[in-house]
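Listed below are the residues making up each chain.
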Amino acid sequence: MTAEPLKPRESQRVYAHPLPVRLWHWINAASFVLLILTGLQLRYGAQLGLMRFGSAVRLHNWVGLVVTVDWFVWAAYYLTSPRIRCYLPHRTPAGFWRGSLRQLRYYGWGMFVGEPNPHRISLYDKFNPLQAALYRVVMVLLLPLQAASGVLMWQPQFFARQIAALGGLRVVDSVHVTLFAFFLAYILLHPYLGTLGPTRTGQYKAMLSGWEEGEAESPDDLSLIHISEPTRHAQIS
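My aim in this report is to walk through the structure given alongside it, one point at a time.

Procedures and definitions
- Residues numbered from 1 in each chain as written.
- Predicted model: local features only at pLDDT ≥ 70, side-chain atom pairs only at ≥ 80, totals over all residues.
- Heavy atoms only, no water.
- Helix = DSSP H or I, 4+ residues; strand = E, 2+ residues; numbered from the N terminus.
- Buried < 20%, exposed > 50% of the residue type's maximum accessible area, 1.4 Å probe, protein only.
- Contact = heavy atoms within 4.5 Å.
- Areas by Shrake-Rupley, 256 points an atom, 1.4 Å probe, with all protein chains shown as cover.
- Phe/Tyr/Trp six-rings, centres within 6.5 Å; stacked < 30°, edge-to-face > 60°.
- Polar contact = N/O pair within 3.5 Å; in protein donor to acceptor, adjacent residues only side chain to side chain.
- Expected span 1.5 Å × (residues − 1).
- Core = buried A, V, L, I, M, F, W, Y, C linked by side-chain atoms within 4.5 Å.
- 1 Å grid on protein atoms, 1.4 Å probe; cavity = no way out; pocket = protein on both sides within 12 Å on 5 of 7 lines; lining within 4 Å.
- Points joined across faces, edges and corners; volume = space filled by probe spheres on them.
- Nonpolar A, V, L, I, M, F, W, Y, C, P; charged D, E, K, R; others polar.

**Points about the overall build of the protein**
Counting secondary structure elements, the protein contains nine helices and two strands. Scored against the burial criterion, the 237 residues of the protein give a buried share of 35%. Of the contacts formed within the protein by residues at least 6 apart in sequence, a portion of 70% connects residues at least 24 apart. Just so you have it, the protein exposes about 14800 Å², and 67% of that area is on carbon and sulfur atoms.

This is the structure in structure tokens:
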């Protein structure tokens, strides 16, 4: 038996990305580009020649501080907002795997033959199962680990005891560089992933306006969709 193709569903405009989330996203994006460029300069200065070593160190450290503060802003926003639900794991492992396999099938086959995306954006569920799992790992584990390893290398003498407990500076540096490689791949792949929405530019526009095509999560959420412009941000943020 073959799975019955998903039928298109009526779409609604959903305010999926409030202003704080969009600001955080674009600050992070610009900061990561600068961190990658200065990190490459620190490793391959003779080949790149983008800036002086001392300038690269200072810029790398300051931008790293911006990303660290930005992470705390992200955490504070979501921990005090019902939108934290978009990062919570699925209620059951079976539901997570079922949704993940359905999404994988869509990415590997369905999107190329015109099938609708099995996941539809809703007010508190803007990530599909694969996205939610990836972003949990990135935001809760990898980004804090990258920041912590950077802080240790920023002041190796001050943190000498902690560095020794972790196996030495070479171990800390290896963790930092390995995560750098991951984030480099993530940044390079991200623009392509942004084209996998209903239209090729839809998700880019959504990260500017906040609005995406989706569907209401419950009848109560309908009051948050298609409302007048002056009250949108006050009711939904």
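Continuing now.
**Considerations on the packing of aromatic side chains**
Overall, the coordinates contain 16 aromatic pairs when judged by the stated rule. Measuring from centroid to centroid gives 5.1 Å for Tyr 15 and Trp 211, while their planes differ by 50°, and the two rings are tilted. Placement of the pair is Tyr 15 in strand β1 (residues 12–15) and Trp 211 in strand β2 (residues 211–214), with a sequence separation of 196 residues. With respect to class, Tyr 15 is no different from Trp 211; both count as buried. Where Phe 127 meets Tyr 135, the ring centres are 4.7 Å apart and the plane angle is 70°; that geometry is what we call edge-to-face. Judged by its relative accessible area of 10%, Phe 127 is buried. Here a set of aromatic residues connected by ring pairs shows up, and it is made of Trp 24, Trp 71, Phe 72, Trp 74, Tyr 77, Tyr 78, Tyr 87, Phe 127 and Tyr 135.

**Section: the environment of Ser 174**
Secondary-structure assignment places Ser 174 in helix α7 (residues 169–193). With a relative accessible area of 38%, Ser 174 lands in the partly exposed category. Of note is the side chain of Ser 174, whose polar atom sits 2.8 Å from the backbone oxygen of Arg 170.

**Comments concerning helix α3 (residues 53–79)**
Side chains of residues three or four places apart in an α-helix project in the same direction, reflecting 3.6 residues per turn. Taking 1.5 Å of rise per residue, the 27 residues of α3 would be expected to cover 39 Å, and the 39 Å separating its terminal C-alpha atoms lies within 8% of that figure. The complete set of buried residues in α3 reads Ala 56, His 60, Val 63, Val 67, Asp 70, Trp 74, Ala 75, Tyr 77 and Tyr 78. Tucked into the core, α3 has its buried residues touching α1 (19–43), α5 (129–154) and α7.

**Concerning the environment of Leu 65**
By secondary structure assignment, the location of Leu 65 is in helix α3. A sequence separation of 85 residues divides Leu 65 from Gly 150, and the C-alpha atoms of the two residues are 9.6 Å apart.

**So, the nonpolar core**
Counting residues in hydrophobic clusters, the biggest one holds 22 residues, and the most contacted among them are Trp 74, Tyr 78, Tyr 87, Phe 127, Met 139, Leu 143 and Phe 183. Going through the elements one at a time, α1, α3, α5 and α7 are the ones with two or more residues in this core. Setting aside its immediate chain neighbours within four residues, Trp 74 contacts Trp 24, Tyr 87 and Met 139. Core analysis: the second largest hydrophobic core is formed by five residues, Val 14, Ala 16, Leu 123 and Tyr 124 among them.

**Things to note about the layout of surface pockets**
What the second largest pocket holds in volume is close to 970 Å³. As for the second largest pocket, its lining consists of 35 residues, and the residues nearest its centre are Leu 35, His 60, Asn 61, Gly 150 and His 176. Secondary structure elements with two or more residues in the lining of the second largest pocket: α1, α3, α5 and α7. At 12 residues, α3 tops the list of elements feeding residues into the lining of the second largest pocket. Residues of the lining of the second largest pocket, tallied by class, amount to 24 nonpolar, eight polar and three charged.

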